[in-house]
Amino acid sequence: MSALSRAVARVRGVLARRAAVYGINRRNLALVYPNNDRRHYPLADDKLLAKERFQAAGVPAPETLAVCEGLYAVPGVVEALRGRSQFVVKPANGAGGGGILVVGAWDAEAGCWRKAGGEPLSPRTLGRHLADVVFGVHSNQLEDRAFVERRVEPHPLFAGLWGDGLCDLRVVTLRTSPVMAMIRVPTAESGGRANLHQGGLGIAVDLATGRTFRALHRGRAVERHPESGAPLLGLELPAWPAVLDVARRAAAAVPLGYLGVDVVVDREARPLVLEINARPGLEIQNVNGRGLGPALAAATDGRAA
């Protein structure tokens, strides 16, 4: 092969890789705008509205323990939670994990809870956090609703990856067909949250088999959890067909065609849908080591799982 032929082949290879990868503008123009009507965004952006759709469609989701519709409701919710262990506070319209507070055991002697990581959380501090949420501090709007969910006890495989936070599965769907998937794993650096931009790590999952094949942390390929030391590759995920099934059903429960569906698998291997995202991030391509292009083509012609 001549030098010219090799150069042409390299250029074609670069162009092919570029064609496979989606950036923000291409994602919006090719996937979000044609498939997600803006008027339906609240069904994904507002987690409580999404849960109402899930409930109507029979899609399993974590139990909601309390809702703060406004500041007036904060004292009553704090008193109702006093003495109760293992719950999570979330803003209805939060994004990127902002405002999520993971609460562990109630310490009756100290009169406080323990957060993920062991720090104490007093009822007064919990009340302030709820007030911040309803004032829209974590959702870039003038007001919001706070809600409290039962903390999901994860399946042993996920608890083995990181014991002080909840791993979730992100399944990207196009018109209810799964396209690409990854596990998001918390770290101490991420404060127990699974969001990759906060220091969590991503593990790619093969759609056909439910086995992990690649892991990324802060842009670097890794084979073990940087803090727990747990191996990350070659894992066979529990209830994988059921995970894909609830992702499909959650996507079908709303009139939005392109979604990121976040699923957790509990101790009894039951998949539960945490939330959906109408503008899912693109880091899943880096985690999987390939662009969305071929995966979308496979999903639309029926080759995906």
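The rules we used
- Residues numbered from 1 in each chain as written.
- Predicted model: local features only at pLDDT ≥ 70, side-chain atom pairs only at ≥ 80, totals over all residues.
- Heavy atoms only, no water.
- Helix = DSSP H or I, 4+ residues; strand = E, 2+ residues; numbered from the N terminus.
- Rg over C-alpha atoms; globule rule 2.2 N^0.38 Å.
- Contact = heavy atoms within 4.5 Å.
- Areas by Shrake-Rupley, 256 points an atom, 1.4 Å probe, with all protein chains shown as cover.
- Lys, Arg positive; Asp, Glu negative; His and termini not counted.
- Charge placed at Lys NZ, Arg CZ, Asp CG, Glu CD.
- Salt bridge = Lys/Arg side-chain N within 4 Å of Asp/Glu carboxyl O.
- Buried < 20%, exposed > 50% of the residue type's maximum accessible area, 1.4 Å probe, protein only.
- Polar contact = N/O pair within 3.5 Å; in protein donor to acceptor, adjacent residues only side chain to side chain.
- Patch = residues over 30% accessible without salt bridge, like charges linked within 9 Å, V, L, I, M, F, W, Y side chains within 5 Å.
- Disulfide = S-S within 2.5 Å.

- As recorded in an unreviewed UniProt entry, the chain goes by the name ATP-grasp domain-containing protein, listed as coming from Anaeromyxobacter dehalogenans.

1. Examining the overall build of the chain
Working step 1: Within the chain one finds 10 helices and 13 strands.
Working step 2: Here the C-alpha atoms of the chain give a radius of gyration of 20 Å, agreeing with the 19 Å that 2.2 N^0.38 yields for 305 residues.
Working step 3: Across its three principal axes, the chain shows a C-alpha extent of roughly 80 × 45 × 30 Å.
Working step 4: Expressed as a percentage of contacts within the chain between residues at least 6 apart in sequence, the contacts between residues at least 24 apart total 60%.
Working step 5: Here the chain displays about 14,100 Å² of accessible surface, and carbon together with sulfur accounts for 52% of that area.
Working step 6: A distance of 9 Å separates the average location of the 38 positive side-chain charges in the chain from that of its 29 negative side-chain charges.

2. Re the pattern of salt bridges
Working step 1: Going through the model one piece at a time under the given rule, you end up with 18 salt bridges.
Working step 2: For R279, the salt bridge goes to D45, with nearest N and O atoms at 2.8 Å. Within this pair, whereas R279 is found in the loop between β13 (271–277) and α9 (283–288), its partner D45 is found in helix α3 (residues 42–45), the two being separated by 234 residues in sequence.
Working step 3: What makes D45 partly exposed here is its relative accessible area of 26%.

3. Examining the side chain of D144
Working step 1: As for its placement among the helices and strands, D144 is situated in the loop between α6 (123–134) and β6 (146–150).
Working step 2: For the buried residue D144, which engages in no salt bridge, the nearest side chain bearing the opposite charge is R145, 5.6 Å off.
Working step 3: A distance of 2.8 Å separates a polar atom in the side chain of D144 from a polar atom in the side chain of N93.

4. Quick notes on a nonpolar patch on the surface
Working step 1: Together, L71, F135 and V137 make up an exposed nonpolar region whose accessible area comes to about 290 Å².
Working step 2: Along the chain, the position of V137 falls in the loop between α6 and β6.

5. Description of the state of the cysteines
Working step 1: Applying the stated criterion across every chain yields a total of 0 disulfides.
Working step 2: C112 takes part in no disulfide bond, and the closest cysteine sulfur to it belongs to C68, at a distance of 20 Å.
Working step 3: According to the relative accessible area criterion, C112 is buried, its value standing at 8%.

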